[in-house]
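Below, each chain spelled out in residue letters.
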Amino acid sequence: MKIKNETVSFEEWDMAFVQKFGPVKAAELVLAFRDFNPRLPFLYDTVQLAHFLGTGRKALLNFFRHIDREYRTVNIKKKNGGGRTLHVPSRSLKQIQKKILHKILDTFPVSPYANAYQAGSVLQNNAAPHVGKRYLLKLDITDFFGSISFRQVYSAAFHTRYFPKQTGVILATLCCRNDVLPQGAPTSPALSNLVMKNFDNNIGAWCKRRGIAYTRYCDDMTFSADKPLYQVYEKVKDMLEEMGFALNEKKTRFVTSANRQNVTGLTVNEKVSVPRDYKRKLRQELYYTLKFGPLEAMYMAPAADFRAQARAKPHRSQTRKRELQYLDHLQGKLHFILQIEPENQWFQNAAEQLHRLYKETAAKPQWEE
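What about the overall build of the protein chain?
(1) Moving on: Helix and strand counts for the protein chain come out as 16 helices and 10 strands.
(2) Moving on: Here the C-alpha coordinates of the protein chain stretch approximately 75 × 65 × 40 Å along the principal axes.
(3) Moving on: In the protein chain, once contacts between residues fewer than 6 apart in sequence are set aside, the share between residues at least 24 apart is 67%.
(4) Moving on: Roughly 20100 Å² of accessible area belongs to the protein chain as shown, and the carbon and sulfur atoms make up 50% of that amount.
(5) Moving on: Side-chain charges of the protein chain comprise 57 positive and 35 negative groups, with the mean position of each set lying 3 Å from the other.

Written out as structure tokens, the structure reads:
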């Protein structure tokens with residue numbers, strides 16, 4: 001359907017809806033919905049929903065009935081030796097989920113205390129409120145995505161406040177696996193923010209009245225103040241348990257200003273900055289790279305996969321590709337530091353030299369490799 005001013009034009013896929021209510025009543029319903037939710041699509045039945053998602057009604061219902069078959073499990077190793085299990089949707093389901101993300105989920109506002117999975121969100125925003133505080137509390141939610149239920153997903157984004165029940169149930173099902181939020185689906189991060197919105201706003205307001213700063217970055221919650229924070233720990237634990245979440249007690253940290261206070265990888269004792277160890281290791285990598293070249297530097301790289309690539313003695317035609325991949329890796333680290341510390345002259349100079357080296361490496365003739 002198309003809406004122009006106060007006129008509604010119906011399309012072929014709207015006909016079942018029009019026949020049910022008649023053209024006048026159908027148009028009135030569409031205009032009333034637009035006035036209430038101007039950014040959301042009007043999706044009354046499965047035919048309209050299928051067209052909106054770019055698929056057929058039969059295919060849509062097949063996804064709905066057999067959604068768990070549309071995922072494959074991928075295990076990723078972490079640098080600390082642990083692992084993360086991702087449930088990756090099929091290409092067709094991923095396309096559908098991306099439309100749900102951009103056309104529906106992105107229209108909902110999230111809490112100002114949430115700093116992950118939003119356009120323009122940066123780590124500094126999550127760390128800055130905690131600079132210079134005497135006490136810091138860091139909490140982590142166990143199995144964050146896997147603890148978010150179908151019921152919570154439906155209530156947060158697809159409730160009858162926004163869609164007819166049948167449409168909402170199908171949309172929620174398309175975003176879940178085994179009735180929980182799958183880590184690996186493009187819709188899951190946005191849905192997690194919407195599910196946590198009331199918690200964020202309530203605990204944020206509670207903290208503000210007590211002079212306590214609060215931010216959340218995915219499953220990482222940070223609190224800071226100039227007074228002890230054990231009361232906050234008890235309050236958050238009780239609120240999360242009521243929602244079906246549990247704290248990962250192994251990651252609970254009470255940190256005073258006498259120690260290094262890190263928030264999502266950034267130091268906040270005196271100002272938001274990159275930890276010294278991170279910068280020291282990168283300086284060393286850059287020194288070897290700029291002095292001996294990327295291939296030689298890869299032999300000594302902290303990342304094991306780069307060391308393995310260097311020792312694999314690739315065919316000459318692959319050498320430049322691997323060198324450029326390593327230089328890309330270093331440029332990404334440099335960009336991160338300069339985002340946080342744009343005035344850092346040493347890394348500014350290093351970025352310029354690395355950029356020149358990248359261009360020289362990319363321009364090397366085939367016979368020089």
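After that view, the rundown keeps rolling.
What to know about the packing of aromatic side chains
(1) Moving on: In total, this model carries 20 aromatic pairs according to the counting rule given.
(2) Moving on: Ring geometry for tyrosine 230 and tyrosine 233: centres 5.4 Å apart, planes at 35°, overall tilted. Of this pair, tyrosine 230 and tyrosine 233 both sit in helix 11 (residues 230-243), 3 residues apart, which is roughly one turn of that helix.
(3) Moving on: Of note, arginine 283 hangs over the ring of tryptophan 346, and the distance from its end group to the ring centre comes to 5.4 Å.
(4) Moving on: Here lysine 333 stacks its cationic end above the ring of tyrosine 278, 5.8 Å away from the centre of that ring.

Points about a nonpolar patch on the surface
(1) Moving on: A surface patch of nonpolar side chains, about 410 Å² in accessible area, is lined by Tyr287, Phe292, Tyr299 and Met300.
(2) Moving on: Position of tyrosine 287 relative to the elements: it lies in helix 12 (residues 276-292).

Remarks on the state of the cysteines
(1) Moving on: Throughout the structure, instances matching the rule amount to 0 disulfides.
(2) Moving on: No disulfide involves cysteine 175; its sulfur sits 6.6 Å from the nearest other cysteine sulfur, which is in cysteine 176.
(3) Moving on: Counting only cysteine sulfurs, cysteine 176 is the nearest neighbor of cysteine 218, a cysteine outside any disulfide, at a range of 16 Å.

Points about the pattern of salt bridges
(1) Moving on: Applying the stated rule across the entire model yields 7 salt bridges.
(2) Moving on: Linking arginine 34 and glutamate 6 is a salt bridge whose minimum nitrogen-to-oxygen distance equals 2.8 Å. One end of the pair, arginine 34, is in helix 2 (residues 23-36); the other, glutamate 6, is in the loop between strand 1 (2-4) and strand 2 (7-9), with 28 residues separating them in the sequence.
(3) Moving on: For lysine 237, the salt bridge is made with glutamate 249, and the minimal N-O distance between the two is 3.7 Å. One end of the pair, lysine 237, is in helix 11; the other, glutamate 249, is in the loop between helix 11 and strand 8 (253-256), and 12 residues separate them in sequence.
(4) Moving on: Taken together, the shared-partner salt bridges in this structure form one network comprising Glu6, Arg34 and Asp35.

Concerning the sheet that holds strand 5 (residues 135-140)
(1) Moving on: If you walk across this open sheet you meet the 4 strands as 6-7-5-8, and the pairing is antiparallel. Lying at the two open borders of the sheet, with one neighbouring strand each, are strand 6 (213-217) and strand 8. Adjacent strand axes in the sheet meet at a mean angle of 15° when their direction is disregarded.
(2) Moving on: Two elements, strand 6 and strand 7 (residues 220-225), share 5 bridges in a ladder whose sense is antiparallel. When the sheet's bridge partners are listed, threonine 215 is paired in strand 7 with threonine 222.
(3) Moving on: Most of the contacts of helix 10 (residues 197-209) go to strand 6, to which it runs at about 160°, and overall it touches strand 6 and strand 7.

Looking at the nonpolar core
Note on soluble globular proteins: their nonpolar side chains tend to be buried together.
(1) Moving on: Ile104, Leu105, Phe158, Leu174, Met221 and Phe223 are the most contacted members of the largest nonpolar core, which totals 73 residues.
(2) Moving on: Those residues in contact with isoleucine 104 that sit more than four places away from it in its chain are Leu40, Pro41, Leu43, Phe52, Lys99, Phe158, Phe163 and Leu171.

Some remarks on unusual backbone geometry
(1) Moving on: In this structure, cysteine 218 takes a positive phi of about 60° despite not being glycine.
(2) Moving on: Located in the positive-phi region is threonine 264, a residue other than glycine, with phi close to 45°.
(3) Moving on: If you trace the backbone, threonine 264 turns up in the loop between strand 9 (262-263) and strand 10 (266-267).

The rules we used
All chains use their own residue numbering, which begins from 1 and follows the written sequence. This being a predicted model, a pLDDT of at least 70 is required before a residue's local features are given, and a value of 80 or more before pairs of side-chain atoms are given or counted; all residues contribute to the totals for chains, interfaces and linings. Neither water nor hydrogens contribute to the side-chain values; these are computed over all heavy atoms in the structure. Each helix is a run of DSSP H or I of at least 4 residues and each strand a run of E of at least 2, with the numbering of both proceeding from the N terminus. Only heavy atoms matter for contacts: two residues are in contact if any of them lie within 4.5 Å across the pair. Exposure was quantified through the Shrake-Rupley algorithm and a 1.4 Å probe, taking into account, for residues, occlusion by the shown protein chains and nothing else. Residues counted as positive are Lys and Arg, residues counted as negative are Asp and Glu, and His and the chain ends are not counted. Where a charge lies is defined by one atom per residue type, namely NZ (Lys), CZ (Arg), CG (Asp) and CD (Glu). Side-chain rings of Phe, Tyr and Trp, where Trp is taken by its six-membered ring, are said to pair if the distance between their centres is within 6.5 Å; with planes under 30 degrees apart they count as stacked, over 60 as edge-to-face, and otherwise as tilted. Think of it as a cone above the ring: NZ of Lys or CZ of Arg counts as a charge over the ring if it is within 6 Å of the ring centre and within 35 degrees of the ring normal. Like charges are joined within 9 Å and nonpolar side chains (Val, Leu, Ile, Met, Phe, Trp, Tyr) within 5 Å, but only among residues with over 30% relative accessible area and no salt bridge; these make up the patches. Take a side-chain nitrogen of Lys or Arg and a carboxyl oxygen of Asp or Glu: if they are within 4 Å of each other, that pair is a salt bridge. For the purposes of this analysis, a disulfide is any pair of cysteine sulfur atoms at a distance within 2.5 Å. Strand pairing follows a simple DSSP-based rule, namely that at least 2 bridges must link the two strands. Fitted lines through C-alpha atoms give the axes, limited to the stretch in contact for helices. The angle between two N-to-C directions lies from 0 to 180 degrees. What we call a nonpolar core is a set of buried Ala, Val, Leu, Ile, Met, Phe, Trp, Tyr and Cys residues that are connected through their side-chain atoms within 4.5 Å. Accessibility here uses a 1.4 Å probe with only protein chains present; expressed as a share of the type maximum, an area under 20% marks a residue as buried, one over 50% as exposed, and anything in between as partly exposed.

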